[in-house]
Structure formats: structure tokens, C-alpha cells
Amino acid sequence: MVVVGVDIGNDSTEACIGRLDANAIEFLSSSCTETTGIKGTCQNVNGIKKALELALKECNLNIENIDVICINEATPVIADLAMSTVTETIITESAMIGHNPLTPGGFGLGIGTTIEITNIITKGEIGKKYIPVVPKSVDFESTAKIINQAFEMGIQIEGAIIQRDEAVLVNNRLIRKIPIVDEVQHVEMVPLDMLAAVEVAGEGQVIRTLCNPYGLATIFKLNAEKTAMVAPMAVSLIGNRSAVVIKTPEGSIKERRIPAGKIKIFGDTSSVEIDVNEGADSIMQMLGHFEEIADVVGEPGTNVGGMLWRVKQTMQEVSGQPFKLIKIKDILAVDTSIPEKIKGGLAGEYTLNKAVALGAMVWTNKSLITEVAQKLTEETGKKVFIEGIEVVMAQMGARTTPGVQLPMALIDIGAGSTDVAWVDSLGECKKYVHLAGAGDMVTMMINSELQLNDLDLAEKVKKFPAAKVESMYHVRLEDGTIKFFSEPLPPSIFGKVVIFDQKHMEPIESVSSLEKVKLVRQTAKKRVFIANVIRGLTIVAPGQNLHTVRSAVLVGGSSLDFETPLMISETLLRRFGIVCGSANVRGKEGPRNAVATGLVLSYFSRRTDGNVKKQEV
């Protein structure tokens, strides 16, 4: 008898083919393809057929050779994400901050009065300090010539603000080096005859004075009250290689809190309301007061209200259930930051505003999997069994990993959700939980914090290490390793940070710092993957005590990337003494194919026990 187990996931559909006789199972092949449609809906059938086709081809069988198809109880689970910005940086009265071009010129801190470049020679005063403002109508040669002439006349030029991308060209022609910031888009809006400060750090370094509130207080002679007012400005400059600050008499920089909305969490007997502005930790702390969530609703007309309504609306469309019967069963809130254009800035400046990333998971009490099975039977002509709950099947497949010992915890990290289960010493799945937040949430955070505006690129950043192309023949990896090449690298990636996946290198255009890519990627994974793993284990562990868990096995697509399993394993071992590692299903599949393999094993177990009462369609 030939049996096929098919695992319908949020992102991928996997198949496993096994040949059964009276005493044993021979596994013949496996496959993996993209899921079509929302998990647990009739749209999945096309993806299932594709997975069958690939698996059959691998073992030289055809559809006529199949006796039974087993699928998991794939209840539709929609995990959606939203970013709710909770702060906004605003500049008033033409003050400019934080401009950070890729190629500023010179080095150091310059303080002086702003003056139009063409007026320096005729209106500049000997002994007075100036910061010339250079529009695009004045080229680099003319700019350098005027500044050098001013030097010779005794006029002190302390720095420059240039509209064109010519800071390095100007600096190379000066008889005395000064800090120069270029690429200022709206240079015509820079206020003249005002005190300004320009700072450029050396290569590989960041500014130190303009990002310090007391540094600004010293330059602009601010009292304690005004120093507190400009503190958000200073904080927004941290990490920049260059910056310009111009303070007009009425100018100010402020951080305004934006109403992101409130969420209301319902339990079986009580409810609690919390403002998203209070941050992710407060939201998750409130969530922990409920043993089981009945529903979560958001304040109408807000970011969070719109997101929570959207996931319910999507579920209503695929299930046909009344809207009032569709409930959100879990949420994950994570503090993050969003680079946003500063209101009132003169050069298109960006700053990192605080935000909360929110993942929500919703399902309905009506399972559509019976309809999926019926359609699959119609299109293949084969018996289809709804074999079991996904996480229960996954633990059966994971137990085929060499070296696994019971009791154990199973951790299945997918794209939209994280499943955690506890399996006792008899191999029985005693408790399991489905949690919102997994790989897609990490991808969204990386995409936002690195300003990629490309989810496909963010997915690659999540999965692969980064490198810096330092010459035409070598790159420096993020761990400091140098890799040399016998053939020259493409000129288009020279000097850029790239994704390094062994096969090819793809540039990350919006980022110039290798260290920043690594920090953002690892921080996002810790806030989502590790937080959810600990949350799930706490729920399913005997007595809710993680120290009672001795071993755990990782399965699922997110366990495939190069660092996530190691990060989880290190954290669990160091903090709780739990031995954890990635599964190697059937000693060959790695963390993939656990559910599909478990479906075949489950059918074999029922058949040999004489129990054939599973739901057949």
C-alpha cells in the first residue's frame, strides 16, 4: 500500500510518500512547494496536486499507484501584521537636523553663521566665523575658489552646506579642510544669518557633539529648559556620520506621541483595555493575565483597529461564517522603530520613530478542511483521510530524528504562527498551543528598520548572512572572515553591503553599515522567535515550569535559516538547561517534512492497530 502524507502550511505544502506492509514502512520520497490560497481552504488543492506530482516523480511512481492520501486538520489561521507608529519627530521654523549623506567631506565640527556662498567675499567680516550655503547653481570649482579666497582674506570658514553631491570634490580643492555636508535637497530653505553647526566624523566613526544634548546646549547657549526641548533632536542624530543643526529663534524640534489606538482583550470571564502607546511589554504583560483569550478588538478608526478588523474580515470571506463568530485567539506585540521622514526637514532627513509591531491570529470554529478533502478526492479519485491535528502529526515526524528522547517539547516555527507542544514519556501529545508571530513578522520588521521597501529582499536578509564588498576580489563577512575570489566581482556591488548566500550576492542599497544589518536582523529574531518560544514553552510545560523540560526539537521553515536554531538553542540551554536542536526528520530531511512524515506514521499506526475510524472523505 502506498500512502501519501500532505502537510498544508501557511507558506508551503509538503508531501511524503511511504510504502506500507504488515510490519514496516518504507519512505520513498518527499517534496515541498508553495501553498496556493489561504491555508485550510479549497484553493489549497492546486498546491497539494503540485506537491504530489513532485514527490511521485522523485520515486518514479504515478497517481494510479497511490492508495491513500492523508492530510492534516488545517484550520484556516490568518496571521496579519501592523506597524503602529507611536512617536513622530517634527521640526518647526526651518531648523534642519540629522542630514546624513553617503559621502560628506572633510572632518570635524564647524560652528558659524550661515551665509550665501556668493556673498562671502563682499559681505563677510574678517575674523568672523561663517558656514556658507551653496545652491546647485554654484559648482564645486567655484565653491572651492571662493572659500580659498575667503581664507586668504582672513574670513573664517568653519564648514559648508551644499545642495549638490560634491562635498568630496570641494574638500579636495581647499587649502584648509573643513566639515562639509552635501545633498541638501531644499537648500533654499536654509535660514541665513543664523548660528549653525556642521559635524562630520571620520570614516568608520559617528558624530559625538551634535548627538549630545549638552553639546548642543554649549553651542547654542541653551538653558536647562531648552536643553530638555532639544534632547529628541540629539537622540535622533545618534549613529550618523554627519549632521547639521540650525537653530532659529523660534525653531524647535519635538517628539509628538501619535494616538496609535487601544486594544481590548477578552477572556472567559473578564476583559482589559490597553493603549498601544504603552508599548509591547505592557501589552504582553496584560495578555499573560489570561489563561485563554476569547477575542481581541481594536479601537475603531486607528491603525490597530483597522488591522484587527482586516484579519477578521478576511476570515469571514474564506469561511462564510458570520463576522461576530470570528475571534482573534492570540496576539504578539513587539517594540520596534520605523524610519520616517522628519516633518519640516530641509534635506529629506529621516529619523527612527518608535513603533509597535503587532501580529494577530484569528480562526473560526468552522473547519473547511472537509471541503478541501472532498475536492481533492474528486480531482484525484483517491481516498483522502483527515488524519490529525498538525502539531500532533509534527511531533510524530520529529521523533524520527536520531537521538531524540521522550519526554520532549516540540517547537514548530512557520511563517505566520508558532506552535509548541509537550510530548510525554509515552509519546502522547499532552498539551499544545498556537501563537501569533513567526517568520513573516521578522521579515516585516527587517524591511521597516532597514528601509528596504522590498519584502523579498527582507526575506533574504533574514535567511542569509551579510558581507561588505571591499575590493574587486574579496568581501568581508559579518563575522570578520575575509573571502577571496579568483574572478573579479561585478563593479555594481563594489563598496556595498550584500546578502551572501554562496550562490550570488545581492546588494542592500539602503544600508552602508554591515554591523547595522546584523544587529537589526538578530534583534528582530530575538524579539519574535525567542520571545514566542519561551512564551509557548511556559504554557505547555508541566506545571508551567520551563525547568521541567529537558529537551526540545525545532521543526518548520524558520528553522532552516543559518542562525535561528543556534540562537534558540543557546538561549534555552543557558537560561533553562534545555537541550534543543533542529530536527533531522527520518535522518535526512532536516527540520522540514515533520508533519507530512507524521501523517504517514499515524495512518500506519492506526492500520496496524485495526483502528480505521479516522474521518475519510
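Definitions and cut-offs
Residues numbered from 1 in each chain as written. Predicted model: local features only at pLDDT ≥ 70, side-chain atom pairs only at ≥ 80, totals over all residues. Heavy atoms only, no water. Helix = DSSP H or I, 4+ residues; strand = E, 2+ residues; numbered from the N terminus. Buried < 20%, exposed > 50% of the residue type's maximum accessible area, 1.4 Å probe, protein only. Areas by Shrake-Rupley, 256 points an atom, 1.4 Å probe, with all protein chains shown as cover. Salt bridge = Lys/Arg side-chain N within 4 Å of Asp/Glu carboxyl O. Pairing = 2+ DSSP bridges. Axes fitted to C-alpha atoms, helices over the stretch in contact; angles between N-to-C directions. Contact = heavy atoms within 4.5 Å. Phe/Tyr/Trp six-rings, centres within 6.5 Å; stacked < 30°, edge-to-face > 60°. Lys NZ or Arg CZ within 6 Å of the ring centre and 35° of its normal. Arc of directions from axis to C-beta. Parallel < 35°, antiparallel > 145°, perpendicular 65-115°, else oblique. Left-handed = near helix turned anticlockwise from the far one by under 90°. Core = buried A, V, L, I, M, F, W, Y, C linked by side-chain atoms within 4.5 Å. 1 Å grid on protein atoms, 1.4 Å probe; cavity = no way out; pocket = protein on both sides within 12 Å on 5 of 7 lines; lining within 4 Å. Points joined across faces, edges and corners; volume = space filled by probe spheres on them. Nonpolar A, V, L, I, M, F, W, Y, C, P; charged D, E, K, R; others polar. pLDDT = per-residue confidence, 0-100. Polar contact = N/O pair within 3.5 Å; in protein donor to acceptor, adjacent residues only side chain to side chain.

## Quick look at the overall build of the chain
Inference 1: Within the chain, the secondary structure is distributed over 15 helices and 31 strands.
Inference 2: In the chain, which comprises 617 residues, the proportion classed as buried is 54%.
Inference 3: Taken as a whole, the chain presents about 27200 Å² of accessible surface, with 50% of it coming from carbon and sulfur.

## What about the pattern of salt bridges?
Inference 1: Evaluation of the coordinates by the stated rule reveals 20 salt bridges.
Inference 2: One salt bridge in this structure joins Glu 379 and Lys 49, with 2.8 Å as the shortest N-O distance. Of this pair, Glu 379 sits in helix H9 (residues 369-380) while Lys 49 sits in helix H1 (residues 44-58); the two residues are 330 residues apart in sequence, bridging distant segments of the chain.
Inference 3: Within this structure, Glu 478, Arg 521, Lys 525, Asp 561 and Glu 563 form a network of salt bridges that share partners.

## Observations concerning the sheet that holds strand E29 (residues 551-555)
Inference 1: In space, the 5 strands of this open sheet follow the order E23-E22-E21-E29-E30, with mixed pairing throughout. For this open sheet the edge positions go to strand E23 (429-436) and strand E30 (579-582), each flanked by a neighbour on one side alone. Between one strand axis and the next, the sheet turns through 15 degrees on average, direction left out of account.
Inference 2: Judged from the 4 bridges that link them, E29 and E30 form a sheet pairing that is parallel. Counted as the bridge partner of Leu 554 is Ser 582 from E30.
Inference 3: On top of the sheet, helix H13 (residues 514-540) reaches strand E21 (408-413), strand E22 (417-423) and E23; it is set at about 145 degrees to E23, its chief contact.
Inference 4: Docked against the sheet, helix H14 (residues 564-576) engages E21, E29 and E30, running at close to 175 degrees with respect to E30.

## Remarks on the packing of aromatic side chains
Inference 1: Under the definition given, this model contains 2 aromatic pairs.
Inference 2: The interplanar angle of 35 degrees and the centroid separation of 6.5 Å between the aromatic rings of Trp 309 and Phe 323 together place this pair among those described as tilted. With Trp 309 in helix H8 (residues 303-319) and Phe 323 in the loop between H8 and strand E18 (327-341), this residue pair connects regions lying 14 residues apart in the sequence.
Inference 3: Above the plane of the ring of Phe 485 lies Lys 483, whose end atom (NZ or CZ) is 5.5 Å from the centre.

## A closer look at helix H7 (residues 280-287)
Inference 1: Taken residue by residue, H7 has Ala 280, Ile 283, Met 284 and Leu 287 as its buried positions. The arc enclosing the buried residues of H7, seen along the axis, measures out at 90 degrees, which places them on a common side. For H7, the exposed residues set more than 90 degrees away from the buried face come down to Asp 281 and Gln 285.

## What to know about the packing of H1 against H9
Inference 1: Two elements in contact, H1 and H9, have axes whose closest approach is 10 Å; the angle formed by their N-to-C orientations is 50 degrees. The angle between H1 and H9 falls in the class oblique. In this structure, the crossing between H1 and H9 has a hand that is right-handed. Mapping the contact onto sequence places Val 45, Ile 48 and Lys 49 in H1 and Val 372, Lys 375, Leu 376 and Glu 379 in H9.

## Structural notes on the nonpolar core
Inference 1: In this structure, Ile 263, Ile 411, Leu 537, Ile 568 and Leu 572 are the most contacted members of the largest nonpolar core, which totals 74 residues.
Inference 2: The dominant element in this core, judged by the number of residues it contributes, is H13, at 11 residues.
Inference 3: Judged by nonpolar contacts, the second largest core, of 26 residues, contains Val 3, Val 68, Ala 421 and Leu 599.

## Considering the side chain of Thr 33
Inference 1: Relative to the assigned elements, Thr 33 resides in strand E3 (residues 25-34).
Inference 2: Accessibility expressed as a relative area gives 17% for Thr 33, which makes it buried.
Inference 3: Look past the residues within four positions of Thr 33 in its chain and what remains in contact with it is Asp 11, Ser 12, Thr 13, Gly 47, Lys 50, Ala 51 and Leu 54.

## As for the layout of surface pockets
Inference 1: Empty space within the second largest pocket amounts to approximately 1000 Å³.
Inference 2: When contributions to the lining of the second largest pocket are tallied by element, the ones reaching two or more residues are H7, E18, E23 and H13.
Inference 3: With 8 residues, the top contributor of residues to the lining of the second largest pocket is H13.
Inference 4: For the lining of the second largest pocket, the per-class residue count stands at 16 nonpolar, 5 polar and 11 charged.

## Focus on the pairing of E21
Inference 1: Among the 6 residues that make up E21, 6 are buried, leaving the element largely enclosed by the rest of the structure.
Inference 2: Residues Met 408, Leu 410 and Asp 412 of E21 are buried on one face, and the alternating residues Ala 409, Ile 411 and Ile 413, pointing to the opposite face, are buried as well.
Inference 3: Between the antiparallel neighbours E21 and E22 lie 3 residues.

## Digging into the sheet that holds strand E26 (residues 482-484)
Through backbone hydrogen bonds, the strands of a sheet pair up, either in parallel or in antiparallel fashion.
Inference 1: In space, the 5 strands of this open sheet follow the order E26-E25-E24-E27-E28, with antiparallel pairing throughout. Of all strands in the sheet, those with a lone pairing partner are E26 and strand E28 (505-507), marking the two edges. Averaged over all adjacent pairs, the angle separating strand axes in this sheet is 35 degrees, with direction ignored.
Inference 2: Where strand E27 (residues 497-500) meets E28, 3 bridges bridge the pair, whose relative direction is antiparallel. Bridging from a neighbouring strand, Ile 499 pairs with Glu 506 of E28.
Inference 3: Where H13 meets the sheet, it contacts strand E24 (466-469), strand E25 (474-477) and E27, and its direction lies at approximately 170 degrees from that of E24.

## Quick notes on the confidence of the model for the chain
Inference 1: Summing up the model confidence of the chain, the mean pLDDT is 86 and the portion of residues at 70 or higher is 89%.
Inference 2: Here residues 91-96 is a poorly scored stretch, pLDDT under 50, and it has 29 contacts once near neighbours within four places are set aside; other chains count.
Inference 3: Predicted confidence for residues 610-617 stays below pLDDT 50, and this span has 21 contacts to residues more than four positions away or in other chains.

## Re the side chain of Arg 521
Inference 1: Its place among the elements puts Arg 521 in helix H13.
Inference 2: Polar contacts involving the side chain of Arg 521 include one to the side chain of Glu 563, which spans 2.5 Å.
Inference 3: Those residues within four positions of Arg 521 in sequence are excluded, and the remaining contacts are Ile 446, Val 461, Lys 462, Phe 464, Pro 465, Ala 466, Glu 478, Phe 562 and Glu 563.

## What to know about the packing of helix H11 (residues 439-449) against H13
Inference 1: Viewed as axis vectors pointing N to C, H11 and H13 meet at an angle of 145 degrees, and their least axial separation amounts to 9 Å. The handedness of the crossing between H11 and H13 is right-handed. Every residue of H13 that contacts H11 at Gly 439, Met 441, Val 442, Met 445, Ile 446 and Glu 449 is listed here: Lys 516, Val 520, Arg 521, Ala 524, Lys 525, Arg 527, Val 528 and Phe 529.
Inference 2: The class makeup of the residues in the contact of H11 with H13 is 8 nonpolar, 1 polar and 5 charged.

## Brief notes about the pairing of strand E15 (residues 262-266)
Inference 1: The side-chain alternation of E15 yields one buried face, formed by Ile 263 and Ile 265, and one unburied face, formed by Lys 262, Lys 264 and Phe 266.
Inference 2: With 5 bridges connecting them, E15 and strand E16 (residues 271-275) associate as antiparallel partners. Paired with Ile 263 across the strands is Ile 274, a residue of E16.
Inference 3: Counted along the chain from E15 to the antiparallel partner E16, the turn is 4 residues long.
Inference 4: With 4 bridges joining them, E15 and strand E17 (residues 295-298) adopt antiparallel strand pairing. Looking across to E17, one finds that Phe 266 is bridged to Asp 295.

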